[in-house]
Every structure is written in structure tokens, then in C-alpha cells.
Amino acid sequence: MSEMKGIREIVGKDHTATVPVPQDENTIKLKSVLLEDIQRSAYVYRVDCGGCNGCEIEIFAATTPVFDAERFGIKVVASPRHADILLFTGAVTRAMRMPALRAYEAAPDPKIVVSYGACGCDGGIFHDLYCVWGGTDKIVPVDVYIPGCPPTPAATIYGLAVALGILDQKLKGSSVKEEEGEKATLKHTGIPLEMKVIIEREARRLAGYRHGGLIADDFMNILVESTTETVDTNIKAYLDEKDDPRLREIFDNLYRVSLAELCGRSQPADARAED
Amino acid sequence: MFKLFKSITKAGDSIVKYPFAPLDVSDDFRGKPEYNAKDCIACAACTRACPANALIMETKADENSRRWELSMARCIFCGRCEEVCPTGAIKLSKEFELAVTNKADLYEDATFTLAHCRECETPFAPRKAVDYAMDLLVQSGISEEQQAKRHEQVETCPECLRKQSMLDYDNVFHGKHLNNVHLKQEERV
């Protein structure tokens with residue numbers, strides 16, 4: 001077998017890469033005309049190229065009465081022949097490459113191709129699997145990328161609005177270089193290192209890793225800002241503002257362990273200096 | 001009929017105003033990872049934690065640089081990078097409007113320089129991480145004399161440190177190993 005459409009051989013017959021379907025100039029010109037004329041109604045066809053169905057659930061959540069994408073004329077249709085927008089979800093498995101290409105070819109020109117979800121954009125967590133091509137843009141030319149795992153219904157509506165040219169894209173790529181003598185700021189410098197570790201460990205034990213970190217951060221911020229006299233009132237004010245019994249419990253625990261740490265050590269600064 | 005209208009007005013409008021008005025997301029919403037390059041020490045903890053390999057760290061010794069990159073395309077917004085970041089340089093924000101038309105806009109990167117060993121001049125760690133370690137030691141309240149000693153230690157690569165401690169007579173305990181061998185021989189007998 002010689003050449004396969006849309007497949008490029010790298011080394012021998014075993015190593016191949018896909019090439020996106022070429023787009024001719026007329027189609028690109030037509031697409032800009034379509035964007036002007038489409039205005040009210042855009043029909044969306046959803047192409048599942050081997051996703052986990054999370055993205056599909058969110059797409060349908062976007063058409064429910066709460067987000068109601070149909071008020072903008074965005075309608076999910078059952079056939080690619082009716083579609084203006086093709087929504088590709090999933091990491092493009094080897095088995096789903098051909099069906100996806102057939103859906104793409106079946107949609108009338110000009111069509112807008114949207115890559116949906118982390119898998120659609122770049123393969124997501126499946127990017128290095130042997131059985132996936134890793135992203136929609138490997139097989140078809142993509143106009144808009146909607147990242148997220150899965151994107152929320154609001155992000156879906158925003159993405160489709162970007163695809164239709166109604167809203168502008170907000171995200172900008174950035175590239176930073178380290179400056180001369182730049183230093184990372186130390187946090188909570190008033191608290192001894194060992195006590196920080198104890199507070200953080202306790203908070204993470206009680207509230208789980210991510211939330212524990214956030215709670216420990218808030219707790220130590222309060223400790224740093226207040227003096228021995230004001231610490232109780234500050235903690236109380238913070239807890240009253242949050243009004244959460246779980247947080248109150250955790251804060252009580254943190255306060256207890258930090259007090260125990262303070263009282264349990266007779267010479268906090270000097271003892272450590274000697275080791 | 002009027003009863004129906006009445007109940008409709010009572011039920012109110014369930015549709016969110018989203019594209020026309022900002023959407024209120026919950027407190028724990030995990031959106032775009034907000035990265036503060038100034039606080040980053042290029043320790044690569046986040047790149048190890050990232051399940052989707054959306055975060056990448058490349059070290060190039062010949063160019064004296066370490067490059068951090070975040071690909072929003074691959075990010076699954078799990079918040080693991082935030083969990084492990086020792087300096088809090090990366091935090092998940094509530095930003096969810098991430099759709100782009102140009103794929104290059106999904107990428108963020110930052111470049112850092114490397115610190116060179118005092119003894120052998122090879123790069124061994126990012127400069128900011130070395131400085132951060134020293135700052136932590138100073139903040140933990142060690143004396144001035146120790147600071148100078150630690151400074152030398154911190155700025156030496158692990159290889160050279162090992163060599164130094166081998167040459168330092170106080171650190172070598174031959175007796176310990178000899179005794180172990182001796183004991184084993186006794187057991188056999």
C-alpha cells in the first residue's frame with residue numbers, strides 16, 4: 001500500500017503521523033462570509049472522537065434551561081449535513097479517526113471546527129497513549145480551542161461566541177524571563193519554621209491537601225498580622241465572616257496545636273541555633 | 001390560565017444572564033492556573049505533580065537556563081500544582097473564559113537561570129531555589145557565623161559536598177563498619 005490520505009509516514013510503515021485535512025483559499029474566504037451572515041443561528045454537530053463523555057454531558061448542560069444556548073440560536077443537530085459548527089471532543093483514538101474525518105467531510109462548506117475539552121485541544125491526559133493521535137488539530141484544521149476538563153457550560157457558551165466572532169478572546173500567551181537578582185518572597189516570616197510545618201500538616205490532615213493548604217495559609221496570615229492581645233478577636237472575626245462550622249473546628253484544632261508547640265518548647269530560638 | 005401565569009411569575013427566571021453579565025462561580029471553582037513568575041523558584045514540584053503533563057520543565061545546562069511551560073490546552077484544572085507549590089507561585093483562579101482562536105495563546109512560559117557550584121563550576125540547581133533555601137535558613141534564626149558556613153554549603157553541588165565530607169576526618173566512622181563485620185564473624189562462629 002502506498003500513500004494513505006491524511007497520513008504521513010515517518011520511519012517505515014510502523015511510524016506514522018497524521019496531517020490535517022488541507023483547506024483551500026476559497027473555503028477560508030467563504031468562512032469569513034459565513035461568520036458575517038450567520039448572525040442568529042448556528043447549528044452544532046458534536047463529533048465524539050473517543051472521549052470519556054464528560055464533554056458531552058457539559059455540552060448538553062449548556063443547552064438546558066439554566067444556560068439555554070438555544071436563546072442564541074445554538075442548536076445541537078443530529079447530522080453533520082445540517083451543521084455549521086463541528087464540535088470535536090475526545091483525544092482522537094485510532095478507531096475514531098476515520099469516522100471523525102467522515103463527519104468533517106460530510107458537513108457542508110464553510111464550516112467552523114471547534115476543538116472541545118483538554119483531550120480535543122492537545123490530547124489531555126491521554127496525549128502520550130499509543131492508541132490516540134492526540135488532539136483534533138492533528139486531523140482537521142481547527143478554528144477555536146475550548147480548553148477545560150470538561151469546559152463548564154458557561155465556558156462552552158463563551159467558546160461558541162468566540163467561534164461565531166461575537167466575543168473576543170481574553171487569554172493571551174505569555175513568556176517571562178527571570179530578572180537579575182529576583183527573589184521569591186518568603187511567606188509568614190514571623191512564624192518559626194517548625195510551627196509552620198506543624199500547622200500545615202494538621203490543616204492538611206483535617207481538610208484534605210488542597211483546602212488544608214489554603215486554610216493553613218489563612219490561619220498563618222492572621223497569626224502574622226495580629227499580636228498576642230488581638231489574635232483571639234482576629235480569629236473570631238474571620239470565622240464569623242466565613243460562618244462555617246467545619247472551618248471553625250479546623251481553626252480550633254490549629255490554634256490548639258500551635259499553642260501546644262509554643263508552650264512545649266522552653267527556648268524556641270536558641271535551641272535551634274545550636275544544631 | 002391566570003393561575004399558570006401566577007405560578008410562572010412566582011417561579012421566576014432560571015436562565016443565567018451569563019454572556020451579558022458576569023457569572024458568579026462558587027468559591028472553590030478551579031479555573032485558569034494563575035502563575036506568578038516572581039515567586040517561582042523553578043523547583044519543578046508542579047511538573048512532577050501534574051497528571052496531564054501540562055506543566056513541563058526543561059533544563060539546558062549549556063544555555064544555563066531552565067524553562068517552565070504551562071499548556072492550558074492540556075490542563076485538566078485539578079489543582080495539584082497549587083497543592084505542591086512551596087512558595088504559592090501558582091494558584092487556580094476563577095477565570096473560565098479560556099477559548100482561543102490561536103493555539104499559541106494557550107501556552108505560558110518562564111525562563112530561569114541556574115546556580116553554579118563553588119567548587120566545580122557545574123550548574124546544579126536553579127539560582128532562585130538556592131537563594132530561597134538560604135533565605136529560609138536565615139529566617140529560621142541561625143547565627144551569623146553559621147550563616148556564612150551554610151552559605152558555602154548551599155552553594156556547593158551535592159557531588160562536591162560528598163567529596164568534602166569524605167575528606168573531613170570527623171565525618172568518617174571506620175570503626176562502625178569494622179565492628180559490624182566483626183560482629184557478623186562472631187555470629188558465624
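Regarding the overall build of chain B
Part 1: When helices and strands are tallied, chain B shows seven helices and six strands.
Part 2: The order of α-helices and β-strands along chain B, N terminus first, is α-β-α-β-β-α-β-β-β-α-α-α-α.
Part 3: Counting all 189 residues of chain B, 40% fall into the buried class.
Part 4: A fraction of 64% describes how many contacts in chain B between residues 6 or more apart in sequence connect residues 24 or more apart.
Part 5: When the accessible area of chain B is evaluated, it comes to approximately 11,700 Å², of which 54% is carbon and sulfur surface.

Some remarks on the overall build of chain A
Part 1: Within chain A, the regular secondary structure consists of 10 helices and eight strands.
Part 2: The globule rule puts the C-alpha radius of gyration for 275 residues at 19 Å, and the 27 Å found for chain A is more than 25% above it.
Part 3: If you line up chain A on its principal axes, its C-alpha atoms span 80 × 50 × 35 Å.
Part 4: By sequence separation, contacts in chain A at least 24 residues apart represent 72% of the contacts at least 6 residues apart.

Quick look at the domain arrangement of chain A
Part 1: What the domain assignment lists for chain A is domain 1 (7-163) and domain 2 (193-268).
Part 2: The C-alpha centroid of domain 2 of chain A is placed 48 Å from the C-alpha centroid of domain 1 of chain A.

Focus: the interface of chain A and chain B
Part 1: At the interface, 60 residues of chain A touch 62 residues of chain B.
Part 2: A buried area of about 5,300 Å², summed over both sides, lies between chain A and chain B, and 54% of it is on carbon and sulfur atoms.
Part 3: For the chain A face of the interface with chain B, the top three residues by lost area are Leu-171, Glu-178 and Arg-210 of chain A, together amounting to 14%.
Part 4: Counting across the chain A and chain B interface gives eight salt bridges.
Part 5: In this structure, the salt-bridge partner of Asp-122 of chain A is Lys-103 of chain B, at a minimum N-O distance of 3.6 Å.
Part 6: Counting across the chain A and chain B interface gives 31 residue pairs in polar contact (both at pLDDT 80 or more).
Part 7: The set of elements that each furnish at least two residues to the side of chain A that touches chain B consists of helix H4 (117-122), strand E7 (144-146), helix H5 (153-163), strand E8 (174-177), helix H6 (193-207), helix H7 (209-225) and helix H10 (268-273) of chain A.

A word on the environment of Val-132 of chain A
Residues and elements named next belong to chain A.
Part 1: Within the element layout of this structure, Val-132 appears in the loop between H4 and E7.
Part 2: Note on Val-132: relative accessible area 11%, which makes it buried.
Part 3: It is 45 Å that separates the C-alpha atoms of Val-132 and Asp-244, two residues lying 112 residues apart in sequence.
Part 4: Not counting the four nearest positions on each side in its chain, Val-132 is found in contact with Ala-91, Val-92, Thr-93, Phe-126 and His-127.

Some points on the nonpolar core
Part 1: In this structure, Val-47, Leu-86, Phe-88 and Val-140 of chain A together with Tyr-35, Leu-55 and Trp-68 of chain B are the most contacted members of the largest nonpolar core, which totals 49 residues.
Part 2: Counting residues per element, this core draws most heavily on helix H3 (residues 94-106) of chain A, at four residues.
Part 3: Aside from chain neighbours lying at most four places away, what touches Phe-88 of chain A is Val-47, Cys-49, Ala-100, Tyr-104, Val-113, Val-114, Ser-115, Tyr-116, Gly-120, Thr-136 and Val-140 of chain A.
Part 4: Core analysis: the next-biggest nonpolar cluster, separate from the first, contains 28 residues, Ile-85, Leu-87, Val-114 and Ala-154 of chain A among them.

Section: unusual backbone geometry
Part 1: Asp-109 of chain A connects to Pro-110 of chain A through a cis peptide bond whose omega is -10 degrees.
Part 2: Turning to its location among the elements, Pro-110 of chain A is positioned in the loop between H3 and strand E6 (112-116).
Part 3: Not every positive phi belongs to a glycine, and Ala-44 of chain B is a case in point at roughly 70 degrees.
Part 4: Mapping Ala-44 of chain B onto the fold places it in the loop between strand E1 (33-35) and helix H2 (45-49).
Part 5: Judged by its relative accessible area of 14%, Ala-44 of chain B is buried.
Part 6: The backbone phi angle of Glu-121 of chain B is positive, close to 70 degrees, even though this residue is not glycine.
Part 7: Topologically, Glu-121 of chain B is positioned in the loop between strand E5 (107-116) and strand E6 (123-126).

Some remarks on the pattern of salt bridges
Part 1: Taken as a whole, this structure holds 28 salt bridges over all chains when the rule is applied.
Part 2: Note that Asp-131 of chain B is salt-bridged to Arg-127 of chain B, the shortest N-O span being 2.7 Å. On the criterion of helical spacing, the pair formed by Asp-131 of chain B and Arg-127 of chain B is a turn pair, its members being four residues apart in helix H4 (residues 127-139).
Part 3: Overlapping salt bridges bring together Asp-122, Asp-137 and Lys-138 of chain A together with Arg-74 and Lys-103 of chain B as one network.

Examining the packing of H7 of chain A against helix H8 (residues 231-242) of chain A
Residues and elements named next belong to chain A.
Part 1: At their nearest, the axes of H7 and H8 sit 9 Å apart, and the two run at 145 degrees to each other. For H7 against H8, the interelement crossing comes out right-handed. Two secondary-structure elements touch here, H7 through Asp-218, Phe-219, Ile-222 and Leu-223 and H8 through Val-231, Asn-234, Ile-235 and Tyr-238.

Some points on the packing of aromatic side chains
Where two aromatic rings form a pair, the distance of their centres and the angle of their planes describe that pair.
Part 1: Considering all chains together, one arrives at six aromatic pairs over all chains under this definition.
Part 2: With centroids separated by 5.9 Å and ring planes inclined at 55 degrees, the aromatic side chains of Phe-72 of chain A and Phe-20 of chain B adopt a geometry described as tilted. A residue pair is termed interchain when its members come from two chains, as with Phe-72 of chain A in the loop between helix H2 (54-62) and strand E4 (74-76) and Phe-20 of chain B in the loop between helix H1 (2-11) and E1.
Part 3: Phe-20 of chain B gets classed as exposed once you look at its relative accessible area, which sits at 66%.
Part 4: Look at Tyr-35 of chain B and Trp-68 of chain B: their rings are 3.7 Å apart centre to centre, the planes differ by 10 degrees, and that puts the pair in the stacked class. Separated by 33 residues along the polypeptide, Tyr-35 of chain B in strand E1 and Trp-68 of chain B in strand E3 (residues 65-71) bring together distant segments of the chain. Judged on exposure class, the residue Tyr-35 of chain B and its partner Trp-68 of chain B are both buried.

Focus on the side chain of Glu-178 of chain A
Part 1: When you line up the elements, Glu-178 of chain A lands in the loop between E8 and H6.
Part 2: At a separation of 2.7 Å, a polar atom in the side chain of Glu-178 of chain A contacts the main-chain amide nitrogen of Thr-113 of chain B.
Part 3: For Glu-178 of chain A, the residues in contact, after removing those within four places along its chain, are Thr-111, Phe-112, Thr-113, Arg-127 and Lys-128 of chain B.

Cut-offs and rules
- Residues numbered from 1 in each chain as written.
- Chains lettered and ligands numbered in written order.
- Predicted model: local features only at pLDDT ≥ 70, side-chain atom pairs only at ≥ 80, totals over all residues.
- Heavy atoms only, no water.
- Helix = DSSP H or I, 4+ residues; strand = E, 2+ residues; numbered from the N terminus.
- Buried < 20%, exposed > 50% of the residue type's maximum accessible area, 1.4 Å probe, protein only.
- Contact = heavy atoms within 4.5 Å.
- Areas by Shrake-Rupley, 256 points an atom, 1.4 Å probe, with all protein chains shown as cover.
- Rg over C-alpha atoms; globule rule 2.2 N^0.38 Å.
- Domains from an automatic or database assignment.
- Buried area = accessible area lost by both parts, 1.4 Å probe.
- Salt bridge = Lys/Arg side-chain N within 4 Å of Asp/Glu carboxyl O.
- Polar contact = N/O pair within 3.5 Å; in protein donor to acceptor, adjacent residues only side chain to side chain.
- Core = buried A, V, L, I, M, F, W, Y, C linked by side-chain atoms within 4.5 Å.
- Axes fitted to C-alpha atoms, helices over the stretch in contact; angles between N-to-C directions.
- Left-handed = near helix turned anticlockwise from the far one by under 90°.
- Phe/Tyr/Trp six-rings, centres within 6.5 Å; stacked < 30°, edge-to-face > 60°.

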